[in-house]
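Take a look at the letters that make up each chain.
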Amino acid sequence: MDTRLTRTLASVTFALAALCGLAFAGTAVTHMLDDGAVCVETDFWRNASLASEDPLPIGKGVQASSSAARLCQDGPSVAQRAADLGSELPWLLFGALALLLFSRLLRTVLGTGPFTDAAARRLSALGWFVTVGTPVAGLVVGWSQSWLAGSMAPVADSEPTVVGPQALILAGLAAVIMGKIMREGVRMREDLEGTV
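J.: What is the right way to read the packing of helix α1 (residues 3-33) against helix α3 (residues 89-112) from this model?
T.: Here α1 crosses α3 at 155 degrees, and the two axes come no closer than 8 Å. Considered as vectors, α1 and α3 are oriented roughly antiparallel to each other. Classified by chirality, the crossing of α3 by α1 is left-handed. Looking at the contact of α1 with α3 residue by residue, the classes come out as 19 nonpolar, 7 polar and 2 charged.

Rendered as structure tokens:
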């Protein structure tokens, strides 16, 4: 095992986790103190026909439809500003914590070795965090965006949606399974050493 590479990766992932944490805190503070407009995109009006008087350079017999609308609120309320934060901060927090857990896994591998019970537990913890955290962060972001759109345009349907790369759930489940396999391998090795 190349310990220099593992040590470097552990340091880099810890530094990235710290940067994501700082970005999380900085975004939260500056966004709440900012008095500018908040904006959100909604696809509530998707496939809505555009009026024929709209100056679009389209050919004869072509129908135009819109796919998304961008809504901006000047002088937003505290709830609107918090919902705007809810569409940005969950993924920063998720990334910071996932990188921190990965850094701890690498530090454990450096300290005890890759095929130990401690490393298997860290891998399982990282896997469970990614598996559960991905849809939770996506739901918070989706709900925040839909609520914000609904607060600006009450006719817009504000159903909670899940936003973001949900394929990460598969990576999380793979890490959980690998952690269980590693734990079983450690147990079998200990049993074998005990019988010899």
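That shown, we press on.
J.: Is there a simple way to explain the nonpolar core in this structure?
T.: The nonpolar side chains of a soluble globular protein tend to be buried with one another. F94, L105, V109, A119, A120, L123, L126, V130, A137, A175 and M182 form the largest nonpolar core, which has 11 residues in total. Breaking this core down by element, the ones donating at least two residues are α3, α4 (117-152) and α5 (168-195). In this structure, A120 is in contact with G179, M182 and R183, ignoring residues within four places of it in sequence.

J.: Just to check I follow, could you spell out the packing of aromatic side chains for this structure?
T.: Two descriptors summarise a pair of aromatic rings, namely the distance from one centre to the other and the angle between the planes of the rings. One pass over the full model with this rule turns up 3 aromatic pairs. On the basis of an interplanar angle of 15 degrees and a centroid distance of 5.3 Å, the ring pair of F94 and F129 is categorised as stacked. In this pair, F94 is assigned in helix α3 and F129 in helix α4, connecting sequence segments 35 residues apart. In this structure F129 comes out as partly exposed when scored by relative accessible area, which is 23%. Ring centres of W143 and W147 lie 6.4 Å apart, and the angle between their planes is 25 degrees; this geometry places the pair in the stacked category. With W143 and W147 both in helix α4, this residue pair falls 4 residues apart, about one helical turn.

J.: It is not clear to me how a nonpolar patch on the surface should be interpreted in this structure. Could you clarify?
T.: A contiguous nonpolar patch, built from V12, L16, L19 and L22 and spanning about 380 Å² of accessible area, is present on the exposed surface. Locating L16 in the fold gives a position in helix α1.

Quick notes on the rules
Residues numbered from 1 in each chain as written. Predicted model: local features only at pLDDT ≥ 70, side-chain atom pairs only at ≥ 80, totals over all residues. Heavy atoms only, no water. Axes fitted to C-alpha atoms, helices over the stretch in contact; angles between N-to-C directions. Helix = DSSP H or I, 4+ residues; strand = E, 2+ residues; numbered from the N terminus. Parallel < 35°, antiparallel > 145°, perpendicular 65-115°, else oblique. Left-handed = near helix turned anticlockwise from the far one by under 90°. Nonpolar A, V, L, I, M, F, W, Y, C, P; charged D, E, K, R; others polar. Core = buried A, V, L, I, M, F, W, Y, C linked by side-chain atoms within 4.5 Å. Buried < 20%, exposed > 50% of the residue type's maximum accessible area, 1.4 Å probe, protein only. Contact = heavy atoms within 4.5 Å. Phe/Tyr/Trp six-rings, centres within 6.5 Å; stacked < 30°, edge-to-face > 60°. Patch = residues over 30% accessible without salt bridge, like charges linked within 9 Å, V, L, I, M, F, W, Y side chains within 5 Å. Areas by Shrake-Rupley, 256 points an atom, 1.4 Å probe, with all protein chains shown as cover. Salt bridge = Lys/Arg side-chain N within 4 Å of Asp/Glu carboxyl O.

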